[in-house]
Amino acid sequence: MAWGACGDETLIERAGELTGKICRAAGIRFAFAPCVDILYNFQCPSINIRAVSDSPEAVIKIAGAYMRGMQKGGLVSACKHFPGDGVDDRNPHFLTTVNSFSKDKWSATFGKVYLEMFRMGCEAVMPGHIALPCAENGVPADECLPACLSYNVMTKLLREELGFDGCVVSDAMSMLGACTACDLNELAVSFLRAGGDFVLFPEPDDFENILSAVQNGILSENRLQNAVDHILRIKEKAGLFGAAESGIF
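Residues numbered from 1 in each chain as written. Predicted model: local features only at pLDDT ≥ 70, side-chain atom pairs only at ≥ 80, totals over all residues. Heavy atoms only, no water.

Draft legend 1. Looking closely at the overall build of the protein chain. On a plain count of helices and strands, the protein chain comes out with 10 helices and 6 strands. The C-alpha atoms of the protein chain give 18 Å as radius of gyration, which agrees with the globular expectation for 249 residues (18 Å, within 12%). Taking the principal axes of its C-alpha atoms as reference, the protein chain extends roughly 50 × 45 × 30 Å. By residue count, 51% of the 249 residues in the protein chain fall in the buried class. Within the protein chain, contacts between residues separated by at least 24 positions form 74% of all contacts whose residues are at least 6 apart in sequence. A total accessible area of about 11500 Å² is found for the protein chain, and carbon and sulfur atoms account for 54% of it. Averaging the coordinates of the 21 positive side-chain charges in the protein chain and doing the same for the 31 negative ones gives two points 8 Å apart. (Helix = DSSP H or I, 4+ residues; strand = E, 2+ residues; numbered from the N terminus. Rg over C-alpha atoms; globule rule 2.2 N^0.38 Å. Buried < 20%, exposed > 50% of the residue type's maximum accessible area, 1.4 Å probe, protein only. Contact = heavy atoms within 4.5 Å. Areas by Shrake-Rupley, 256 points an atom, 1.4 Å probe, with all protein chains shown as cover. Lys, Arg positive; Asp, Glu negative; His and termini not counted. Charge placed at Lys NZ, Arg CZ, Asp CG, Glu CD.)

Draft legend 2. Structural view of the packing of helix 8 (residues 187–194) against helix 9 (residues 206–215). For the pair helix 8 and helix 9, the least separation of the axes is 8 Å and the interaxial angle reads 55 degrees. In terms of orientation, helix 8 lies oblique with respect to helix 9. Two packed elements cross with a definite hand, and for helix 8 against helix 9 that hand is right-handed. Touching Ala188, Val189 and Leu192 of helix 8 are Asp206, Asn209, Ile210 and Ala213, all from helix 9. In terms of residue class, the contact of helix 8 with helix 9 is made up of 5 nonpolar, 1 polar and 1 charged. (Axes fitted to C-alpha atoms, helices over the stretch in contact; angles between N-to-C directions. Parallel < 35°, antiparallel > 145°, perpendicular 65-115°, else oblique. Left-handed = near helix turned anticlockwise from the far one by under 90°. Nonpolar A, V, L, I, M, F, W, Y, C, P; charged D, E, K, R; others polar.)

Draft legend 3. Region of the structure containing the sheet that holds strand 1 (residues 30–31). Ordered by their spatial adjacency, 4 strands build an open sheet running 1-2-4-6, and the pairing between neighbours is parallel. In the strand order of this sheet, the two ends are held by strand 1 and strand 6 (167–168), each with one partner. (Pairing = 2+ DSSP bridges.)

Draft legend 4. Region of the structure containing the packing of aromatic side chains. All told, the structure shown has 10 aromatic pairs when counted by the stated rule. Centroid distance Trp3 to Tyr66: 4.2 Å. Interplanar angle 35 degrees. Geometry classified as tilted. Taken together, the positions of Trp3 in helix 1 (residues 2–6) and Tyr66 in helix 3 (residues 56–72) put the pair 63 residues apart, joining distant regions of the chain. Overall, the relative accessible area of 9% leaves Tyr66 in the buried class. Look at Phe118 and Phe164: their rings are 4.7 Å apart centre to centre, the planes differ by 25 degrees, and that puts the pair in the stacked class. Of the two residues, Phe118 is situated in helix 5 (residues 110–119) and Phe164 in the loop between helix 6 (151–161) and strand 6; the sequence distance between them amounts to 46 residues. The pair formed by Phe118 and Phe164 is uniform in burial state, with each residue classed as buried. Each residue in the set Phe82, Trp106, Tyr114, Phe118 and Phe164 is aromatic and connected to the rest through ring pairs, giving one cluster. In this arrangement the basic side chain of Lys105 is found over the ring face of Phe101, its NZ or CZ atom lying 4.3 Å from the centre. (Phe/Tyr/Trp six-rings, centres within 6.5 Å; stacked < 30°, edge-to-face > 60°. Lys NZ or Arg CZ within 6 Å of the ring centre and 35° of its normal.)

In structure tokens, the structure reads:
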């Protein structure tokens with residue numbers, strides 16, 4: 001909100017660059033930022049002070065500047081929360097919320113923001129625990145899966161329609177907006193099957209559950225390899241395969 005009120009691209013980009021340098025000096029190379037949600041409902045509790053604006057153009061301008069700055073400072077960035085928070089007045093920490101926009105309205109707002117962030121070099125996307133009924137082929141809103149578990153949202157929309165080929169990293173899967181949508185032992189596998197790559201806040205049994213799913217043909221080896229490829233590429237961008245760095249400042 002403060003960035004949006006400031007409205008100064010140069011200043012925000014510089015803030016992003018300094019953030020990147022400070023984080024790199026502390027050994028941090030991946031930031032789950034910027035937030036590119038659009039605040040259409042001021043009562044939205046999850047982003048009402050985290051969103052830049054209620055204008056897609058302002059979000060593109062300011063969040064884009066911060067992302068460019070972080071990248072200059074050496075941080076990998078992940079835009080969030082796909083397909084877009086800021087419409088519902090409920091909190092995805094406690095239930096699956098809904099982005100109720102029509103496909104045309106979504107494409108002209110949230111979709112426009114993501115396409116511009118991709119054009120500017122966005123390296124990762126964090127899908128939220130937010131349902132997008134307009135992408136779910138007529139499924140009622142209260143029966144739609146959250147984006148983090150939806151093949152239609154993560155693969156059909158994000159990967160195929162919008163053309164994103166970077167890393168897809170989940171929001172915290174322990175949030176009720178995700179973990180109440182399927183059995184706990186199926187959560188990570190369902191995320192990967194839907195098109196995700198990087199499970200954030202994994203459960204202790206997730207590795208064994210994923211291994212079992214591959215062995216039993218529930219999760220294809222090709223899909224798992226695709227996720228691994230995306231993760232290795234993001235690690236390479238973060239410089240994790242290079243020599244230790246010093247003298248960042």
